[in-house]
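# Reading the structure
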Amino acid sequence: MTDKKVCLFSKDHEWVELIEEDHVRVGISDYAVEQLGDIVFVELPEVDSEVLKEAEFGTVESVKSSSEVYSPVSGTVAKVNSELEDKPELLNEDAFAQGWLMEVKTPGPFSKADLMTYDEYETYIENL
Amino acid sequence: MTGDELIFELSTPGRVAYSLPTDETPLYDLAAELPAHLVRQAEPGLPEVSELQLMRHYTSLSNKNFGVETGFYPLGSCTMKYNPKVNEVVARYPGFSAIHPYQAAETVQGAYELMYNLQEDLKVVTGMDAITLQPAAGAQGEWTGLLIFKKYFEEKGERAQRKKIFVPDSAHGTNPASAIIAGFDVVEIPSNERGTVDLAALKAAAGSDTAGLMLTNPNTLGLFETDIVEMAEIIHEVGGLLYYDGANANAILGKTDPGEMGFDVVHLNLHKTFSTPHGGGGPGSGPVGVKEHLAPYLPSPLIAKEGEQYVLKELPRSIGRVKGYFGNFGVNVRAYAYILTMGPDGLKQVSESAVLHANYLKKRLEPYFDTPYGQHSKHEFVLSGKRQKKLGVRTLDIAKRLLDFGFYAPTVYFPLIVEECIMIEPTETEAKEVLDAFADVMIEIAHEAEETPEVVLNAPHNKAVRRLDEVTAARKPIVRYTKPEEN
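Residues numbered from 1 in each chain as written. Chains lettered and ligands numbered in written order. Predicted model: local features only at pLDDT ≥ 70, side-chain atom pairs only at ≥ 80, totals over all residues.

## A look at the overall build of chain B
Using the following cut-off: Going along the chain from the N terminus, every DSSP run of H or I of four or more residues is numbered as a helix, and every run of E of two or more is numbered as a strand. C-alpha atoms define the radius of gyration, and 2.2 Å times the number of residues to the power 0.38 defines the globule rule. Residues are scored as being in contact if the C-beta atoms we place from backbone atoms lie within 7 Å.
Assigned secondary structure in chain B consists of 16 helices and 12 strands. Taken over C-alpha atoms, the radius of gyration comes to 26 Å for chain B, in line with the 23 Å a tight globule of 487 residues would show. In terms of principal-axis extent, the alpha carbons of chain B reach across some 75 × 70 × 45 Å. Within chain B, contacts between residues separated by at least 24 positions form 71% of all contacts whose residues are at least 6 apart in sequence.

## Concerning the overall build of chain A
Using the following cut-off: Exposure classification rests on a simple neighbour count of other C-beta atoms within 10 Å of a residue's own: a residue reaching 20 or more is buried, one at 12 or fewer is exposed, and one in between is partly exposed. C-beta atoms are placed from the backbone.
Counting its secondary structure elements, chain A contains 4 helices and 9 strands. For chain A, the sequential pattern of α-helices and β-strands runs β-β-β-α-β-β-β-β-β-α-α-β-α. Relative to the globule expectation of 14 Å for 128 residues, the C-alpha radius of gyration of chain A, 13 Å, shows essentially globular dimensions. Principal-axis analysis of the C-alpha atoms gives chain A an extent of 40 × 35 × 25 Å. Taken across its 128 residues, chain A has 38% of its residues classed as buried. Pairs at least 24 residues apart make up 60% of the contacts formed inside chain A by residues separated by at least 6 positions.

## Looking at the packing of helix α11 (residues 329-365) of chain B against helix α14 (residues 432-451) of chain B
Residues and elements named next belong to chain B. Which entries qualify depends on this criterion: Here an angle of 0 to 180 degrees is reported between the N-to-C directions of two axes, which are lines fitted to C-alpha atoms, with helices fitted over the stretch in contact. Note on angle classes: values under 35 degrees are labelled roughly parallel, values over 145 roughly antiparallel, values of 65 to 115 roughly perpendicular, and the remainder oblique. Crossing handedness follows the turn of the near helix against the far one: under a right angle anticlockwise gives a left-handed crossing, and clockwise gives a right-handed one. Only Asp, Glu, Lys and Arg are considered charged, only Ala, Val, Leu, Ile, Met, Phe, Trp, Tyr, Cys and Pro nonpolar, and every remaining residue, Gly among them, polar.
The contact between α11 and α14 brings their axes to 10 Å, and the two run at 30°. It follows from the interaxial angle that α11 and α14 lie roughly parallel. Between α11 and α14 lies a crossing of right-handed hand. Across the interface between the two elements, H357, Y360, L361, R364 and L365 from α11 touch L435, A439 and M442 from α14. In the contact of α11 with α14, the residues fall into 6 nonpolar, 1 polar and 1 charged.

## Section: the domain arrangement of chain B
Let me state the cut-off plainly: A domain assignment, automatic or from a database, supplies the domain bounds used here.
Entries for chain B in the domain assignment read domain 1 (7-63), domain 2 (85-342) and domain 3 (345-472). In this structure, domain 1 of chain B and domain 2 of chain B have C-alpha centres spaced 45 Å apart.

## What to know about the environment of I131 of chain B
Residues and elements named next belong to chain B. With respect to the helices, strands and loops of the structure, I131 is situated in strand β1 (residues 130-132). Separated by 136 residues in the primary sequence, I131 and H267 place their C-alpha atoms 9.2 Å from one another. Filtering out sequence-adjacent residues up to four positions away, I131 remains in contact with Q119, L122, K123, P287 and G289.

## Some words on the sheet that holds strand β1 (residues 8-9) of chain A
Backbone-to-backbone hydrogen bonds pair the strands of a sheet. The strands run either parallel or antiparallel. Heads up, the condition is: Two strands are said to pair when DSSP picks up at least two bridges between them.
Pairing is antiparallel across the open sheet formed by 6 strands, whose spatial order is β1-β2-β3-β9-β8-β5 (chain A). Edge positions in the open sheet fall to β1 and β5 (50-51) of chain A, since each of these has one partner strand only.

## As for the nonpolar core
Residues and elements named next belong to chain B. Short version of the rule: The term nonpolar core refers to a set of buried Ala, Val, Leu, Ile, Met, Phe, Trp, Tyr and Cys residues connected through C-beta atoms within 7 Å.
I148 and V265 are the most contacted members of the largest nonpolar core, which totals 108 residues. When we break this core down by domain, the ones giving at least three residues each are domain 2 (85-342) and domain 3 (345-472). The contacts of V265, once residues within four sequence positions are left out, are G145, I148, L241, Y243, Y244, V288, V290 and L294.

## A few points about the confidence of the model for chain B
Definition in use: Values of pLDDT, which run from 0 to 100, indicate the predictor's confidence residue by residue.
Averaged over all residues, the pLDDT of chain B is 95; the fraction at 70 or higher stands at 99%. This complex was scored by the predictor with a pTM of 0.88 and an ipTM of 0.71.

## As for α14 of chain B
Residue and element names in this part refer to chain B. Our working definition: What a helix should span is 1.5 Å times the count of its residues minus one. Working note: the arc is built from the helix axis to C-beta atom directions.
Between the first and last C-alpha of α14 there are 28 Å, a value that for 20 residues agrees with the 28 Å anticipated at 1.5 Å per step. Every buried residue of α14 is listed here: F438, M442, I445, A446, E448 and A449. Projected down its long axis, α14 carries its buried residues within an arc of 160°, all on one side. Projecting away from the buried face of α14 at angles above 90 degrees are the exposed residues K432, E433, D440, H447 and E451.

## As for the pairing of strand β6 (residues 56-62) of chain A
All names here are of chain A. By the bridge criterion, 4 bridges tie strand β4 (residues 39-43) to β6 in an arrangement that is antiparallel. Bridge pairing in β6 links F41 to E61. Two strands pair when backbone bridges link them, and β6 and strand β7 (residues 66-70) are joined in this way by 5 bridges, in the antiparallel orientation. Counterpart to G58 in the pairing with β7 is V69. Linking β6 back to β7 in an antiparallel pair, the connection comprises 3 residues.

## Digging into helix α1 (residues 51-63) of chain B
Here α1 of chain B contains 13 residues, and its C-alpha end-to-end distance of 18 Å stays within 8% of the 18 Å for a straight helix at 1.5 Å per residue. Across the 13 residues of α1 of chain B, 0 count as buried, placing the element largely on the outside.

## Overview of the sheet that holds β4 of chain A
Residue and element names in this part refer to chain A. Read across the open sheet, the 3 strands follow the order β4-β6-β7; overall the sheet is antiparallel. Single-partner strands in this sheet number two, and they are β4 and β7. Strand-to-strand twist across the sheet, computed as the mean angle between neighbouring axes with direction ignored, equals 25°.

## Quick word on the pairing of strand β5 (residues 241-246) of chain B
Residue and element names in this part refer to chain B. Rule in force here: Note on handedness: a clockwise path from strand one over the helix to strand two, with the strands aimed away from the viewer, defines a right-handed crossover.
In terms of burial, β5 is a largely internal element, 6 of the 6 residues being buried. Side chains L241, Y243 and D245 project from β5 onto one buried face, and the interleaved L242, Y244 and G246 project onto a second face that is buried too. Here strand β4 (residues 210-216) runs beside β5; their pairing, made up of 5 bridges, is parallel. Bridge assignment links M214 to a residue of β5, and that residue is Y243. Tracing the backbone out of β4, into helix α8 (residues 228-237) and back to the parallel element β5 gives a crossover that is right-handed. The sheet contact formed by β5 and strand β6 (residues 265-268) spans 4 bridges and is parallel. Residue D245 lies in a different strand from β6, and its bridge partner there is H267.

## A look at the packing of helix α4 (residues 109-126) of chain B against α11 of chain B
Angle between the axes and distance between the axes are the two parameters that describe a pair of packed helices. Residue and element names in this part refer to chain B. Interaxial distance between α4 and α11 falls to 10 Å at its minimum, and their mutual angle equals 60°. Here α11 runs oblique to α4, going by the angle between their axes. Where α4 crosses over α11, the two elements pack in a sense that is left-handed. On the side of α4, the interface is formed by L114, M115, N117, L118 and D121, while α11 contributes N332, V333, A335, Y336 and I339.

## Brief notes about unusual backbone geometry
One can expect most non-glycine residues to show negative phi and most peptide bonds to be in trans. Residues and elements named next belong to chain B. The linkage connecting N217 with the following residue, P218, adopts the cis geometry, with an omega of 0°. Within the element layout of this structure, P218 appears in the loop between β4 and α8. The linkage connecting A459 with the following residue, P460, adopts the cis geometry, with an omega of 0°. With a phi angle near 50°, Y325 is a residue other than glycine that sits in the positive phi range. Position of Y325 relative to the elements: it lies in the loop between β9 (309-313) and α11.

Here it is, written out as structure tokens:
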């Protein structure tokens with residue numbers, strides 16, 4: 001399981017966990033999941049497709065609404081969590097563990113850039 | 001017998017609702033000619049009931065229905081106003097109801113005249129130069145409008161370059177959907193703290209790749225976009241076009257019009273603003289109006305007047321047909337009847353009363369619910385259930401509790417930019433007593449949220465069904481009846 005305290009966060013509520021220096025795992029935060037409510041459908045990109053930082057890479061649909069998810073990094077999709085296809089509820093159960101969305105291979109070493117640390121993100125959502 | 005059985009559960013083998021003489025034609029063995037996988041292996045299992053059972057079943061279902069003629073229906077951005085019965089009388093006149101679209105034009109001049117006059121009237125309402133009545137409803141109107149954008153850029157040789165459609169984050173979901181279906185890329189523009197489009201963000205986003213902006217005015221928060229003239233300048237300066245989503249036109253009739261605001265293309269929802277049946281009672285109608293420079297691209301044909309004759313006019317540079325025949329003609333008859341019975345002053349009063357009703361309700365509810373935006377609203381307003389959420393009662397619970405009091409629930413959780421959003425549109429057709437009764441109930445629910453939250457959390461208490469399991473219904477939908485023995 002991913003420890004959320006080591007994750008980096010985007011303003012759009014995606015988290016990034018560093019697996020290797022050019023390989024990251026991406027998901028959405030527990031705050032985002034809480035806002036969405038019960039998730040009923042997750043659409044993910046194809047493996048080997050390119051994702052762009054801040055561009056849409058998939059959709060998360062809940063009983064309330066359908067939301068795009070934006071990639072916090074640029075790179076090539078190495079893996080997607082296909083278990084979510086049949087069990088979208090994994091996102092509600094644990095957004096940081098079985099609810100991860102994709103893994104991305106970045107062209108060079110991953111850089112934090114404008115992403116927030118866990119503490120910074122906590123402060124950010126408190127002020128929303 | 002509770003009246004709640006499925007019609008399949010009422011079935012008795014061999015019972016029929018008809019009595020026909022014996023058919024003496026020999027049976028034809030179709031199965032012998034079809035490949036095995038297309039031949040039914042078992043009977044289809046259709047319900048077998050008597051005519052009276054059938055009638056009782058459907059009457060019982062219809063009695064569970066709720067419409068604006070049952071009670072207050074304050075569904076934000078949907079304008080669930082009363083549909084005057086005179087519209088229905090007129091629509092049933094044989095000259096309108098017993099004709100065929102393929103009839104020769106000279107035999108249906110009255111119907112053509114009505115469509116022509118409606119086109120002319122909607123030109124005045126929208127401030128546009130030409131109107132098509134073809135689109136079947138709002139979203140098809142949006143798509144039609146965007147195909148007109150596309151054709152316009154194509155003829156200017158800019159189609160490849162102009163990809164981006166701007167949509168505010170408070171927009172109806174149909175706006176981005178229509179833009180994608182029409183082949184554009186959608187760029188979301190944030191709202192400012194006043195709930196209107198962030199002008200600086202729009203300016204920063206606009207450029208030579210801009211196709212246009214889609215905007216609802218007043219927007220889905222019920223707020224008038226006071227910067228609309230500046231927005232139109234920004235978009236026109238970079239060569240883009242402006243699209244007006246007419247869903248909220250009930251707030252502006254006779255006061256201003258999209259043409260005056262600077263829009264190039266408009267759709268109206270006749271089933272909202274012009275009192276034709278809505279929802280299950282449709283179909284809808286979504287006429288599209290355009291300014292002169294886009295008129296050649298409208299769906300073809302239009303109804304034109306040549307001397308004293310009404311004729312079909314083909315447009316050689318048209319985007320093509322978007323719907324068969326003349327759109328939903330019967331709906332257009334109703335809308336025209338409404339315009340004639342109201343007259344220009346009456347239509348203006350529609351907006352004034354709709355706006356007054358919304359602000360009256362907002363004022364009464366303000367002490368009990370959070371109101372995210374301070375300024376006056378137009379024909380609808382949003383509340384936030386944030387205060388109640390802290391007590392463990394969510395907006396969904398408030399909506400369900402309203403059903404117990406005989407009210408339809410408002411739109412909830414939309415627009416997405418307001419937390420625990422409740423979006424209320426009372427419309428002009430409600431009496432003050434109804435608005436007061438609704439406000440009293442909302443206030444009572446706010447008290448319940450503090451004192452007896454379980455009453456709200458477990459609502460509805462007196463409806464045919466309680467809380468539906470929406471999650472399982474969405475994750476594992478059952479879309480077909482299965483007989484118990486097949487399980």
